[in-house]
Amino acid sequence: MPAAPRLDADPNAPDDLAAFKHAFRRHAAGVAAITTLAPDGTPVGFTATSLASLSAVPPLATFNMARSASSWTAIAAADRVVIHMLGAHNRRVAEKLAGPHADRFVGEHWQPGPYGLPVLHGVTSWMIGRIVERVSVHNNAVVVVQIEGGGMGTDDEALLYHERTYRVPGFAV
C-alpha cells in the first residue's frame, strides 16, 4: 500500500494518521458554531466542521467532538444546544469560538436566546434543538440533536474550512 507523505509537523507520525490528516485537510467543510450553557449557567461554544443533517422527519442533526474538548463537560450535561450556520462575514466569530475557552463569550457578538442559551449575532441561520443521544466512539462522541425551532439571518457566502484556513467558495463548476 502506498504511504502518505510525511507530516511537516510530525514526520514520525504513522502512515494511517498522515493519510487521515492529509485527506481531511483537503476536504472543504462548512463551518458551524455550537453553543449551550455549562451547568453553572455560563455560555459555552465552539466551532464545528462535522455538522451534518441526519433526517428531515424527525428533523435531526449531528455533530462530533472530542470528549477531551473544553466544551465536552457542558455538552455532556446539556439538554439543548443552538447550532449556528456561519457565513463569510462570521469569520471573526468562528476564530473567536475556536480560540481560548475563556475568551469565547467576551464581547457583544451574542445574546441570551430561548432557554437562556447563547445565540450568536449575524449568523446566516440558527437552530435550537434538544440533545437526544450522545454516542461514545473511542475518545470522541457523536451528538444527535432534534431540531425544535430556529431563525434566519442575512444570506451570505458560505464559510468553509479547507487546508487549515477559512475560505469562501470559488466559482461554480
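Residues numbered from 1 in each chain as written. Predicted model: local features only at pLDDT ≥ 70, side-chain atom pairs only at ≥ 80, totals over all residues. Heavy atoms only, no water.

(A) Focus on unusual backbone geometry. Cis geometry marks the peptide bond from Val-57 to Pro-58; its omega dihedral reads -5°. With respect to the helices and strands, Pro-58 occurs in the loop between β4 (52-55) and β5 (60-66). With phi around 60°, Tyr-115 is a residue other than glycine that occupies positive phi space. Tracing the chain through its elements places Tyr-115 in the loop between β7 (110-112) and β8 (118-120). Taking relative accessible area as the criterion, Tyr-115 reaches 56% and is therefore assigned exposed. One non-glycine residue with positive phi stands out, namely Glu-163, at about 50°. Relative to the helices and strands, Glu-163 resides in the loop between β11 (160-162) and β12 (165-167). (Helix = DSSP H or I, 4+ residues; strand = E, 2+ residues; numbered from the N terminus. Buried < 20%, exposed > 50% of the residue type's maximum accessible area, 1.4 Å probe, protein only.)

(B) Highlighting the packing of aromatic side chains. Applying the stated rule across the entire model yields four aromatic pairs. Above the ring of Tyr-115, the side-chain terminus of Arg-80 is found at 4.2 Å from the ring centroid. (Phe/Tyr/Trp six-rings, centres within 6.5 Å; stacked < 30°, edge-to-face > 60°. Lys NZ or Arg CZ within 6 Å of the ring centre and 35° of its normal.)

(C) Structural context of the nonpolar core. Formed by 16 residues in total, the largest nonpolar core has its most connected members in Ile-34, Phe-63, Ile-75, Val-81 and Val-145. Sorting the residues of this core by element identifies β3 (43-48), β5, α2 (72-77), β6 (80-85) and β10 (140-152) as the ones contributing at least two each. Ranked by the residues each element gives to this core, the list is headed by β10, at four residues. The residues contacting Val-145, other than those within four sequence positions of it, are Pro-59, Leu-60, Ala-61, Phe-63, Val-81, Ile-83, Gly-129, Arg-130, Ile-131 and Val-132. One finds Val-31, Ala-94, Leu-97 and Tyr-166 within the second-largest nonpolar core, a separate group that totals 11 residues. (Core = buried A, V, L, I, M, F, W, Y, C linked by side-chain atoms within 4.5 Å. Contact = heavy atoms within 4.5 Å.)

(D) Up close: the pattern of salt bridges. On inspection of all chains with the given rule, the structure shows five salt bridges. For Arg-26, the salt bridge identified is with Glu-163, shortest N-O distance 3.1 Å. Pair noted here: Arg-26 is in the loop between α1 (15-25) and β1 (29-30) and Glu-163 is in the loop between β11 and β12, with a separation of 137 residues, a long-range link. Under the relative-accessibility criterion, Arg-26 is labelled exposed at 65%. (Salt bridge = Lys/Arg side-chain N within 4 Å of Asp/Glu carboxyl O.)

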